[in-house]
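# Coordinate inspection notes
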Amino acid sequence: MARLRRILVGLLALIGLGTVLAVVTLAVGGWWLVQRFERTFFKLPAEIVLIADLRGSLEDAAEGGFAGLALGAAPQLSEVVLALDRAARDPRVKGLVARVDDTGHGFATAQELRDAVARFRRSGRPAVAFADSFGELGAGNEGYYLATAFDEVVLQPVGLLGLTGLMAEVPFARALLDRVGIEPAFERREASKTALDSLTETGLTAANRAMLTRLLDELSRQLVQGIADGRGLDEAAVRGLLDGGPYTAEEAVERQLVDRLGYWDEVLNAAGPEDSRVDLADYIAVGEDPPKGAAGVALVRGVGAIARGGRGGLGGGSGIAADDLADDLAAAIDDPEVAAILFRIDSPGGSPVASETIARQIRRAKAAGKPVIVAMGNAAASGGYWIAMDATSIVAQPATLTGSIGVIAGKPVLERLWEQLDVRWAQLPAAANADMWSINAPYTAQGRARLNDLVDALYASFKTGVAAGRSLPVERVDEVAQGKVWTGGEARELGLVDTLGGLAEAQDAVRAALGLDPGAPLAVRPYPPPRTPFARALELLRVELGPLESVSAFVASVLARDLARMPALRIR
């Protein structure tokens, strides 16, 4: 009976899961149909004031799991940038009003948005930024940096301007690991490959300190220059203002850091009548058809850490799943309507094997006559740069963190931890290096030697790939490698990046690669085409309940076998 009870409970759990997923699928489908119905009949007014909320964290993320089904999900970064560029050409759009604050955009993303706002302003339309506070008792550097791209900056009374300058903080847990008996056993190539310094070191190494200082100096220079240009101030004065912050709202006005104080309803009323206000998300949803004959450009996105395999199921996961991204690129290669690929990368790196899986498709696209233009986001470092290095052309923001051409590999060793816990592991390796990846014992001399051989081989492959992809001498690559991270501005000078900018400059590179005239129309579309929430919910249902048929069959067979057998009888 106990076994039968467990089987029945398991079956009911599966049925319950199916019911929940079916209900969610129907709910999402219904919501999508309502939204589509509304947007089908939604017409943009004759005069438009765009209202944008740029306070949330914007990125170009792949769809996945329930997270991708969130109702009212914010537009992606590329959608916002393309929409602002479209608005700059749209005669109906009379202005832009945006809510800003300090966010998790990232410095390079803030630059991308600043550039888009600057292009909008060059069309002769006004752009106003409003903040209730730039950080509240916290840093507001990034949000204010973005706001200075607008014609006017309005701050709410009692709001604060957390303009204090940039700072780097690095935690070091080596002493803690030593205390609990965990030894980080890793090999790196080279000294500036600092990805695991928080585990392997007790403080900043000379190489890490030098690199972080250089990056801080360069990013601070860009921050000062952007604020000075946006506010019409001298750069020396801005540096002094950074040292004097943070500021109250009144102090911010006195120092010409904001134009005036006001409230959000006042800003809206001054922007135009209510029936002219259109949320940027709605403007994006309405969309526009590309001109006839425009070259098709597949906008492929790769965001997050790079890992082998694919993504699927309820969790969906985040980051770059190599198999999925490679499949997307392969489909774009085979699509006759795609003339070029615009590849957005924002990644700190990950698996070299997974990175090579993706890089292979970049080389295939070029061989098929389809140029690949990479537009880097906040970071394209290590594996992120690996998948970019073979592109036809690479575009990066001045603040993009890129390079980190190096390798680090190893394992945590728990031997001393087990000793402290009075746990003993018996190991019976059947070959000399069979215990090499066990975390319960340190590397043997032979195992450490093989680890170093592997790291050397991967590092050599990385440098050779960069040399081939960027047409640089191997000796030059060796100089700029060493695991060093560079800003986009530095990377351009070193030959690792071709152009500074974002989507607009990447589209210019697409036109050049296709031999089109400057400004020729392009049909830029996300690739693969985004599925409706309803279709994605159905896919989740299929993925999660795919095994249900076989599981049900197994359970049924067990039930049939157990129930068909006569119970054991004892005749007294």
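Criteria and thresholds
Along each chain, the written sequence defines residue order, and numbers are assigned to residues from 1. Local features are withheld for residues below a pLDDT of 70 in this predicted model, meaning they are given only at 70 or higher, and side-chain atom pairs are given and counted only at 80 or more; totals for whole chains, interfaces and linings count all residues. Side-chain descriptors were evaluated using all non-hydrogen atoms of the structure, hydrogens and water having been removed beforehand. Numbering goes from the N terminus for both helices and strands, where a helix is a DSSP run of H or I of at least four residues and a strand is a run of E of at least two. Each residue's exposure class comes from its accessible area (1.4 Å probe, protein chains only) as a fraction of the maximum for that residue type: buried when under 20%, exposed when over 50%, partly exposed otherwise. Pairs of residues are marked as contacts when any of their non-hydrogen atoms sit within 4.5 Å. The rule is short: rings of Phe, Tyr and Trp, with Trp giving its six-membered ring, pair when the centres are within 6.5 Å, and they are stacked under 30 degrees, edge-to-face over 60, tilted in between. The criterion is that NZ of a Lys, or CZ of an Arg, lies within 6 Å of the ring centre and within 35 degrees of the ring normal, and then a charge sits over that ring. Strand pairing is assigned whenever DSSP detects at least two bridges linking the two strands. An axis is simply a line fitted to the C-alpha atoms; with a helix, the fit covers only the stretch in contact. Between two such axes, the angle follows the N-to-C directions and lies from 0 to 180 degrees. The directions from the helix axis to the C-beta atoms are what the arc is built from. Within this scheme a cavity is a closed region of a 1 Å grid, computed over the protein atoms alone, that accommodates a 1.4 Å probe without allowing it to escape, whereas a pocket is open but has protein on both sides within 12 Å along at least five of seven lines; lining residues each have an atom within 4 Å of a point. Grid points are joined across faces, edges and corners, and a volume is the space filled by probe spheres set on the points. Under the scheme applied here, ten amino acids are nonpolar (Ala, Val, Leu, Ile, Met, Phe, Trp, Tyr, Cys and Pro), four are charged (Asp, Glu, Lys and Arg), and all others, including Gly, are polar. Counting of polar contacts relies on pairs of N or O atoms within 3.5 Å, with two restrictions inside protein: one atom must be capable of donating a hydrogen and the other of accepting it, and residues adjacent in sequence are counted only when both atoms are side-chain atoms. Definition used in this section: a nonpolar core is a set of buried Ala, Val, Leu, Ile, Met, Phe, Trp, Tyr and Cys residues joined via side-chain atoms within 4.5 Å. Residues enter a patch when their relative accessible area is above 30% and they make no salt bridge; the linking distance is 9 Å between like charges and 5 Å between nonpolar side chains (Val, Leu, Ile, Met, Phe, Trp, Tyr). Calculation of accessible area relied on Shrake-Rupley with a 1.4 Å probe; when residues are assessed, cover is drawn exclusively from the protein chains displayed. Any Lys or Arg side-chain nitrogen found within 4 Å of a carboxyl oxygen on Asp or Glu counts as a salt bridge. pLDDT measures the predictor's confidence residue by residue and takes values from 0 up to 100. The cut-offs work like this: below 35 degrees is roughly parallel, past 145 is roughly antiparallel, 65 to 115 is roughly perpendicular, and the gaps in between are oblique. When the strands point away from the viewer and the path from the first strand over the helix to the second turns clockwise, the crossover is right-handed.

Turning to the overall build of the protein chain, a few remarks are in order. Across its full length, the protein chain holds 21 helices and 20 strands. Among the 572 residues that make up the protein chain, the fraction classed as buried is 46%. Put simply, 78% of the contacts in the protein chain that link residues at least 6 apart link residues at least 24 apart.

Counting across every chain of the model gives six aromatic pairs. Ring geometry for Trp-437 versus Tyr-443: centroids 6.3 Å apart, planes at 85°, classification edge-to-face. Sitting above the plane of the Tyr-283 ring, Arg-86 keeps its charged end 3.8 Å from the centroid. Over the face of the ring belonging to Trp-264 we find Arg-99, whose NZ or CZ atom lies 4.6 Å from the ring centre.

Taken in spatial order, the six strands line up as 8-4-3-2-1-9 in an open sheet, and their pairing is parallel. Of all strands in the sheet, those with a lone pairing partner are strand 8 (260–261) and strand 9 (277–279), marking the two edges. Of the strand pairs in this sheet, strand 2 (residues 93–99) and strand 3 (residues 127–131) are connected by four bridges, and their pairing is parallel. In the sheet register, Leu-96 faces strand 3, and the bridge partner there is Ala-127. Each of strand 1 (48–53), strand 2, strand 3, strand 4 (152–155), strand 8 and strand 9 is contacted by helix 10 (residues 264–271), which is oriented at about 175° to strand 2, the strand it contacts most.

A few words on helix 10. Every buried residue belonging to helix 10 is among Trp-264, Val-267 and Leu-268, and all of these are buried. For helix 10, the angular spread of the buried residues around the axis is 100°, confining them to a single face. Looking at helix 10, the residues exposed on the side facing more than 90 degrees away from the buried face are Asn-269 and Ala-270. Taken from the residues just after helix 10, Gly-272 is the one with a positive phi, measuring 155°.

As a further point, take empty space enclosed by the protein. Applying the stated criterion across every chain, the model contains one cavity of 30 Å³ or more. The biggest single contributor to the lining of the largest cavity is strand 13 (residues 340–347), with three residues. Per-class residue counts for the lining of the largest cavity are three nonpolar, four polar and four charged.

Moving on, we come to helix 8 (residues 235–244). Within helix 8, the full set of buried residues consists of Val-238, Leu-241 and Leu-242. Seen from one end, helix 8 has its buried residues packed into an arc of 105°, which puts them on one side. In this structure, the buried residues of helix 8 make contact with helix 7 (206–231) and strand 7 (247–248). The opening residue of helix 8 is Asp-234, an N-cap whose side-chain oxygen sits 2.9 Å from the backbone nitrogen of Ala-236.

A few words now on the nonpolar core. The biggest cluster of nonpolar side chains holds 71 residues, and the ones touching the most others in it are Leu-50, Leu-54, Phe-134, Phe-150, Leu-257, Leu-280 and Tyr-283. Here Phe-134 is in contact with Val-100, Asp-101, Ala-139, Gly-140, Gly-143, Tyr-144, Ala-147, Val-153, Leu-155, Leu-160, Leu-161 and Gly-162, once residues within four sequence places are set aside. Counting 52 residues, the second-largest nonpolar core is a separate cluster that includes Leu-325, Leu-472, Ala-491 and Leu-494.

The next point concerns the layout of surface pockets. Summary: where empty space remains is shown by rolling a probe the size of a single water molecule over the atoms. Taken as a whole, the second largest pocket encloses approximately 840 Å³ of empty space. Along the walls of the second largest pocket sit 30 residues, with Ala-168, Leu-212, Leu-215, Leu-219 and Leu-401 positioned nearest its centre. For the lining of the second largest pocket, the secondary structure elements donating two or more residues are helix 3 (107–122), helix 6 (197–200), helix 7 and strand 14 (372–381). The element that contributes the greatest number of residues to the lining of the second largest pocket is helix 7, accounting for six residues. Residue classes in the lining of the second largest pocket are distributed as 18 nonpolar, nine polar and three charged.

Moving on to a nonpolar patch on the surface. The grouping of Leu-421, Val-423 and Trp-425 at the surface amounts to a nonpolar patch, some 300 Å² of accessible area in total. Residue placement: Leu-421 occurs in the loop between helix 15 (415–420) and helix 16 (445–470).

The predicted model of the protein chain averages 86 in pLDDT, with 82% of residues at 70 or higher. Throughout residues 31–40 the model reports pLDDT below 50, and contacts reaching past four residues in sequence, or to other chains, amount to eight contacts. Predicted confidence for residues 542–572 stays below pLDDT 50, and this span has 22 contacts to residues more than four positions away or in other chains.

As a working rule, side chains carrying opposite charge can pair if their charged atoms are close by. Counted under the stated rule, the structure contains 24 salt bridges. Note that Arg-188 is salt-bridged to Glu-201, the shortest N-O span being 3.1 Å. Of the two residues, Arg-188 is situated in strand 6 (residues 183–189) and Glu-201 in the loop between helix 6 and helix 7; the sequence distance between them amounts to 13 residues. Residue class for Arg-188 comes out partly exposed when judged on its relative accessible area of 21%. Two residues, Glu-490 and Arg-214, come together in a salt bridge whose shortest N-O distance is 2.9 Å. Remark: Arg-214 occurs in helix 7 and Glu-490 occurs in helix 18 (residues 488–494); sequence separation between them is 276 residues.

Below, the discussion takes up the packing of helix 12 (residues 322–334) against helix 13 (residues 352–367). At a minimum axis distance of 9 Å, the contact between helix 12 and helix 13 shows a crossing angle of 5°. Classified by the angle their axes make, helix 12 and helix 13 are roughly parallel. Between helix 12 and helix 13, the contacting residues are Ala-322, Asp-323, Leu-325, Ala-326, Leu-329, Ala-330, Ile-333 and Asp-334 on the first element and Ala-354, Thr-357, Ile-358, Gln-361, Ile-362, Arg-364 and Ala-365 on the second. Looking at the contact of helix 12 with helix 13, its residues break down into ten nonpolar, two polar and three charged.

A cis amide bond, omega 5°, links Arg-189 with the succeeding residue Glu-190. Following the sequence through the fold, Glu-190 ends up in the loop between strand 6 and helix 6. Following Gly-245, the chain continues into Pro-246 via a peptide bond in cis, with omega recorded as 5°. With a phi angle near 55°, Leu-137 is a residue other than glycine that sits in the positive phi range.

Turning our attention to the pairing of strand 13. Across the eight residues of strand 13, seven count as buried, placing the element largely inside the fold. Taken together, the seven bridges between strand 10 (residues 295–303) and strand 13 define a ladder with parallel strand orientation. The residue bridging Ala-298 from the neighbouring strand is Ile-341, located in strand 13. For strand 13 and strand 14, the ladder comprises six bridges, and the chain directions are parallel. When the sheet's bridge partners are listed, Ile-345 is paired in strand 14 with Met-376. In terms of handedness, the path from strand 13 via helix 13 over to strand 14 forms a crossover that is right-handed.

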